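# Remarks on the overall topology
Listed below are the residues making up each chain.
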Amino acid sequence: MARIGEIVGGRGRIPTYLDNRMIDVLRGGSASDRDMEMLRHYARRLSGTTPRFCSWTQREEQLAGFKCDTELDLHSMLYSQGAGDVFQWRGRDCFKTLYELALYPMLVAEIRPGSLIELGAGRGGSAAWFADLCKALDLPITIHAVDLQVEDGVEGAIRYHRRDCIDWVKATSAERRDRASPLIVIEDFHGDLERTLAALDDLLQPGDYLVIEDAIPKQSAMARSLRERPYVIDTRYTDFFGINCTSAINGILKRV
């Protein structure tokens, strides 16, 4: 209870919904099995014993006793992009979950990227959202939006590339162009993940980030590809709303 008081006090004595519920449980209020599971995770987070960055093998060990990949229930995940119409930005479909819409601003504000590459740009709604976010943060950034559905062109900070994503990454890596660092690469095109990661090996440098979205069906490929590669999982973001409460399950990665 003392540690909770310290945390809440640091926020101007404003508790979150979760703080209030955990305080009630600790004071002997009625608690379900789910409440007790949440309390165990809550206490672990407050203790500060879990490292922020972990390798794929360390992450597997962390989650060994966990019954599923995420604390996020199925309905919350299914509704997270919209319960009918999809979330839009500037009138364009933007298939970000509400969790990513909260996580990316914090990640971008922290690392202040000089370049961002979106592999799987769709109709450009996500790239437009990133451009406006970076403008709000006063970041002079170039955003590369790659997809077979877009047309080549320039729109403010956005460069659109009508290309196969893996081919574009290979060509960009081969050109050895200097890209403003740090770099964020977002994989959201549902291609061959192992080939994509192999193509990114020469592009991403230490300190850069790779975010693998829609990662629930990609876990086996991620395990095969990431176990021996120089990436660590940034649990500050994967676990911000609870363990893997994001579409990027185990997939917010820092190159080391």
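Relevant structure appears above.
What this report covers is the structure whose coordinates are included nearby.

How each quantity is defined
Residues numbered from 1 in each chain as written. Predicted model: local features only at pLDDT ≥ 70, side-chain atom pairs only at ≥ 80, totals over all residues. Heavy atoms only, no water. Salt bridge = Lys/Arg side-chain N within 4 Å of Asp/Glu carboxyl O. Helix = DSSP H or I, 4+ residues; strand = E, 2+ residues; numbered from the N terminus. Buried < 20%, exposed > 50% of the residue type's maximum accessible area, 1.4 Å probe, protein only. Disulfide = S-S within 2.5 Å. 1 Å grid on protein atoms, 1.4 Å probe; cavity = no way out; pocket = protein on both sides within 12 Å on 5 of 7 lines; lining within 4 Å. Points joined across faces, edges and corners; volume = space filled by probe spheres on them. Nonpolar A, V, L, I, M, F, W, Y, C, P; charged D, E, K, R; others polar. Contact = heavy atoms within 4.5 Å. Arc of directions from axis to C-beta.

The next thing to look at is the pattern of salt bridges. Two side chains that carry opposite charge are able to pair once their charged atoms sit near each other. Counted according to the given criterion, the structure contains 17 salt bridges. The salt bridge involving Arg52 is made with Asp234; its shortest N-O contact spans 2.8 Å. Highlighted residues: Arg52 in the loop between helix 3 (33-47) and strand 1 (53-54) and Asp234 in strand 10 (residues 231-234), separated in sequence by 182 residues. Arg52 sits in the partly exposed class, given a relative accessible area of 26%. The exposure class assigned to Asp234 is buried, which follows from its relative accessible area of 0%.

Scanning all chains against the criterion turns up zero disulfides. For Cys134, which is in no disulfide, the shortest distance to another cysteine sulfur is to Cys94 and amounts to 13 Å.

Put simply, the largest pocket is a space of about 1100 Å³. The greatest single-element share of the lining of the largest pocket, amounting to seven residues, is contributed by helix 3. Among the residues forming the lining of the largest pocket, the class breakdown is 15 nonpolar, eight polar and eleven charged. In this structure, the second largest pocket encloses a volume near 390 Å³. Gly120, Ala121, Gly122, Asp147 and Asp188 are, among the 24 residues lining the second largest pocket, the residues nearest its centre. Looking at the lining of the second largest pocket residue by residue, the classes come out as six nonpolar, eight polar and ten charged.

Before going further, it helps to examine the environment of Ala157. Tracing the sequence through the fold places Ala157 in the loop between strand 6 (153-155) and strand 7 (158-161). Separated by 23 residues in the primary sequence, Ala157 and Cys134 have C-alpha atoms spaced 9.4 Å apart. Here Ala157 is in contact with Ile141, Thr142 and Ile143, once residues within four sequence places are set aside.

Every α-helical turn comprises 3.6 residues, leaving residues that sit three or four positions apart pointing alike. Considered for burial, the residues of helix 2 (residues 17-26) that qualify are Asp19, Met22, Ile23 and Val25. For helix 2, the arc enclosing every buried residue in end-on projection is 160°, short of the 170-degree limit, so these residues lie on one face. Turning to helix 2, the residues buried within the fold contact helix 1 (2-10) and helix 3. At the exit of helix 2 stands Gly28, carrying a positive phi of roughly 100°.

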